[in-house]
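This is what each chain is made of:
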Amino acid sequence: MALEKHDNKNLGGGRPVAEKGEHIVARHLIEDDNIKEEKNLVIDGVDVSGRWNTFIISRVNSDFDRSFFEEIKKTVVGSRINRCWQCGMCTASCTVTPLYRRFNPRAFIYMMQLGNLKELKKYIDVAWRCVGCYKCSQRCPKQVNPAEMMEALALVIKKYFQEEVKTKLKLDEEVKKIYEDMIIGHGRLDLAKLHTSAMQKSGKTKELFGKIERGAILKMLKDGRAFSVLRLGKPHNWSSSKEAIENYLHKLNTIENSEAGV
Amino acid sequence: MDKLKENQAAYYPGCALLTIDRAYNNSSKLVSKKMGIELVEIPDYNCCGIGEMKSKGAASMYMPLRNMMIAKNKLGSKNLIMACSVCYHEFSRSITRVKENQNELSAVNAIFKEAGEFNEEYIPDGEARHILEFLYNEKGVEEVKKNVVKPLKGLKVAPYYGCLYSRPSMYTFTDKKPKMDNSERPRFMHEFLEALGAETVFYGNEVQCCGGRNVVQDEETSFALCSQTISKAKKAGADVIALICPKCAGALDVNQPKIVEKFGKDSKLPIVYLTQLMALAFGFSKKEAEFSDMISEPLKVLNEKGF
Ligand code: SF4
Ligand code: SF4
Ligand code: SF4
Ligand code: SF4
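Only a predicted model underlies this, so the values are computations on that prediction, with no experimental measurement involved. (Residues numbered from 1 in each chain as written. Chains lettered and ligands numbered in written order. Predicted model: local features only at pLDDT ≥ 70, side-chain atom pairs only at ≥ 80, totals over all residues. Heavy atoms only, no water.)

## Focus: the overall build of chain A
Formally: A run of H or I in DSSP becomes a helix once it reaches four residues, and a run of E becomes a strand once it reaches two; helices and strands are each numbered from the N terminus. Residues are treated as being in contact if the distance between any of their heavy atoms lies within 4.5 Å. Working definition of accessibility: Shrake-Rupley area with a 1.4 Å probe, residue cover restricted to the visible protein chains.
The helix and strand inventory of chain A stands at 14 helices and four strands. Taking the principal axes of its C-alpha atoms as reference, chain A extends roughly 80 × 45 × 35 Å. In chain A, 59% of the contacts between residues at least 6 apart in sequence involve partners at least 24 apart. A total accessible area of about 13,900 Å² is found for chain A, and carbon and sulfur atoms account for 53% of it.

Following this line, the structure appears as structure tokens:
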């Protein structure tokens, strides 16, 4: 059920899927030049062509950025980054990995542990796809809570790759903004408004007036649910909560406070 | 507001159940009442944050915990019952985190203090309860059986728990007292459905995900996941899929016409809430259970089967 297009040009920073080393599960994590594989090779009369002689040259990573690690550790969502021992259970459990092979929570956590921004940058286009299903956190043997590490990853991306966020993650950011405005601003969620504004933001204005949408809207007008949405209102005195929340967010001096200028 | 009586329990409806998903709200109240518990809505609730605030530290915990404060202050109840799995997750996450982490508790209490709505500090001594495990543990399967007047004989149901009812157990303590469901293979809904006289089918996607936090911004992924769930249930012979979360309904029911448009008729199957089926078996009419609210038209198959 893979949804990712195996179109080399569209991999958005990912390496093209070369023929060599194709059988390696997380092939995209390895530089092309680091894979040695002879198409035709016979040793002592035994045919070891192709995948039978694949060899991965070990890489050396010497520029760790520990300050980066501390920065993540300070956040609520990333507070357990030090516990990860790279077993890969999260990736094996993940809902998204089978759909988008380049989405690999274990690898993302590793890159964050090393402070390897250069590597992380290559995955901005898939990193936001976590659906928050918590299968990884359920099964992680070290209680790292990888589901929330993906939230920490989003914070990292937001802080360090503002340009890319503006172009590649515009929709995700905008929808998040709609949610936040409603949740903090009004204290309650207007689902109808959320739906229509998200569709507008994603450029589906035409679809919004299409048959399916019209049918649903008409149905809810008829049975009265459309009006209950309008009646939902705000909690009393929400403004005092709103102010307190905004002050708190303002004072946060971790990456949780970084704003992407969308 | 008066404190609760013995047969009453504090209830958090959430935004979806008060509006689009009123069928779930009303049927939850109907069946709870039949089983001997009156759900009393807390006054002046606020949204739980729906998981979209998670990366905002203590602010994300303030959202659900403010409701816990209301339950305690206004209704005298430490615990709060809810039917939305996302709310349940947000409440459980916040309560567990502040219980285990003094810094986070202080940060939340600082927000409470500044907002100045309550005279006391928040103490994490209560629990969030999901309506399914709550009814199961407080009233039990026998109580369900006792109330069945119209057994759902011949109805094949695919129970869909989704993610956040049972996962992650580090927050919800699904396998621990007082909940005691299985976090990898939950079974309470199965037992309830069978008590109603319905047949449950095994289809393998019981605890799959519908696209979760990205249902709105990543339809492509959500549609693919939902299409898989629906078509597997259909292949296993299910007449309907039963849900316990309004967000799952958003993905599987409200979006179903679009999923069918993309993936074909295999992805077409009526979706209902567990509590709607319970109401039906308890003798309420189809109108009272508000089956007509569902986009995927469960009324057709229910009529065909003679319920
Ligand atoms: S399952 Fe946990 S310990 Fe294993 S790689 Fe994932 S986060 Fe790390
Ligand atoms: S929560 Fe995110 S990272 Fe974890 S299994 Fe689900 S989709 Fe994958
Ligand atoms: S999870 Fe949904 S329904 Fe529940 S309170 Fe939050 S926004 Fe409202
Ligand atoms: S199935 Fe979807 S709505 Fe239900 S709990 Fe999982 S992510 Fe949330």
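After presenting the structure, the write-up continues.
## With respect to the site of ligand 4
Convention followed: Being near a molecule or strand, for a residue, means having at least one of its heavy atoms within 4 Å of it. Only protein atoms enter the 1 Å grid used here. Points where a 1.4 Å probe fits but cannot escape make up a cavity, open sets with protein on both sides within 12 Å along at least five of seven lines make up a pocket, and a residue lines them when an atom lies within 4 Å of a point. Pocket occupancy is defined atom-wise: a molecule lies in a cavity or pocket when more than half of its atoms are within 2 Å of its grid points.
Taken together, Tyr160, Gly162, Cys163, Leu164, Cys209, Cys210, Gly212, Cys245, Lys247 and Cys248 of chain B make up all the residues around ligand 4. Taking a 2 Å distance to the grid points as the criterion, the majority of the atoms of ligand 4 fall inside the largest cavity.

## Quick look at the pattern of salt bridges
Pairing between side chains of opposite charge can happen when their charged atoms approach one another. Formally: Salt bridge, as applied in this entry: a Lys or Arg side-chain nitrogen positioned within 4 Å of an Asp or Glu carboxyl oxygen. When accessible area is computed with a 1.4 Å probe and restricted to protein chains, residues below 20% of their type maximum are described as buried, those above 50% as exposed, and intermediate ones as partly exposed.
Under the counting rule described, the total for this entry stands at 38 salt bridges over all chains. Between Lys159 of chain A and Glu71 of chain A there is a salt bridge, with its nearest N and O atoms 2.6 Å apart. Separated by 88 residues along the polypeptide, Lys159 of chain A in helix α7 (residues 146-160) and Glu71 of chain A in helix α1 (residues 66-73) bring together distant segments of the chain. In this structure Glu71 of chain A comes out as buried when scored by relative accessible area, which is 17%. With a closest N to O distance of 2.8 Å, Glu117 of chain B and Arg66 of chain B form a salt bridge. Note that Glu117 of chain B is positioned in the loop between α5 (102-115) and β4 (128-130) and Arg66 of chain B in helix α3 (residues 58-75), a separation of 51 residues in sequence. You can call Arg66 of chain B buried: its relative accessible area is 0%. Through salt bridges with shared partners, a single ionic network connects Lys204, Glu207 and Glu213 of chain A together with Glu219 and Lys258 of chain B.

## Focus on the domain arrangement of chain A
How we decide: Residue ranges for the domains originate in an automatic or database domain assignment.
You can read the domains of chain A as domain 1 (27-56), domain 2 (66-168) and domain 3 (172-261). Between domain 1 of chain A and domain 2 of chain A, the C-alpha centre-to-centre distance is 31 Å.

## What to know about the site of ligand 1
Residues and elements named next belong to chain A. The test is simple: We call Asp, Glu, Lys and Arg charged. Ala, Val, Leu, Ile, Met, Phe, Trp, Tyr, Cys and Pro are nonpolar, and the rest, Gly among them, are polar.
Inspection of the region around ligand 1 gives 13 residues, with Cys84, Cys87, Gly88, Cys90 and Cys140 positioned closest. Of all elements in the fold, only α2 (89-93) and α3 (105-114) reach the threshold of two or more residues within the shell around ligand 1. Each residue belonging to the shell around ligand 1 can be placed in one class, and the counts come to ten nonpolar, two polar and one charged.

## Focus on the sheet that holds strand β7 (residues 240-243) of chain B
All names here are of chain B. Put simply, the rule is: When DSSP finds two or more bridges between two strands, those strands count as paired. All axes here are fitted lines through C-alpha atoms, helices being fitted over the stretch that makes contact, and every angle between N-to-C directions spans 0 to 180 degrees.
Read from one edge of the open sheet, four strands run β6-β5-β7-β8, paired in parallel fashion. This sheet does not close on itself; its edge strands, each paired only once, are β6 (199-200) and β8 (271-273). Here helix α9 (residues 188-195) sits on the sheet in contact with β5 (156-160), β6 and β7, set at roughly 155° to β5.

## As for the packing of aromatic side chains
All names here are of chain A. Stated formally: Pairs were defined over the aromatic rings of Phe, Tyr and Trp, the Trp ring being its six-membered one, requiring ring centres within 6.5 Å. Orientation was assigned from the angle between planes: stacked under 30 degrees, edge-to-face over 60, tilted for the rest. Criterion for a charge above a ring: Lys NZ or Arg CZ within 6 Å of the ring centre, and within 35 degrees of the ring normal.
A complete count under the given rule lists 14 aromatic pairs over all chains for this structure. Its guanidinium or amino end placed over the ring of Phe69, Arg66 lies 4.3 Å from that ring's centre, counting from NZ or CZ. If you follow Arg129 out to its NZ or CZ, it ends over the ring of Tyr100, 4.1 Å from the centre.

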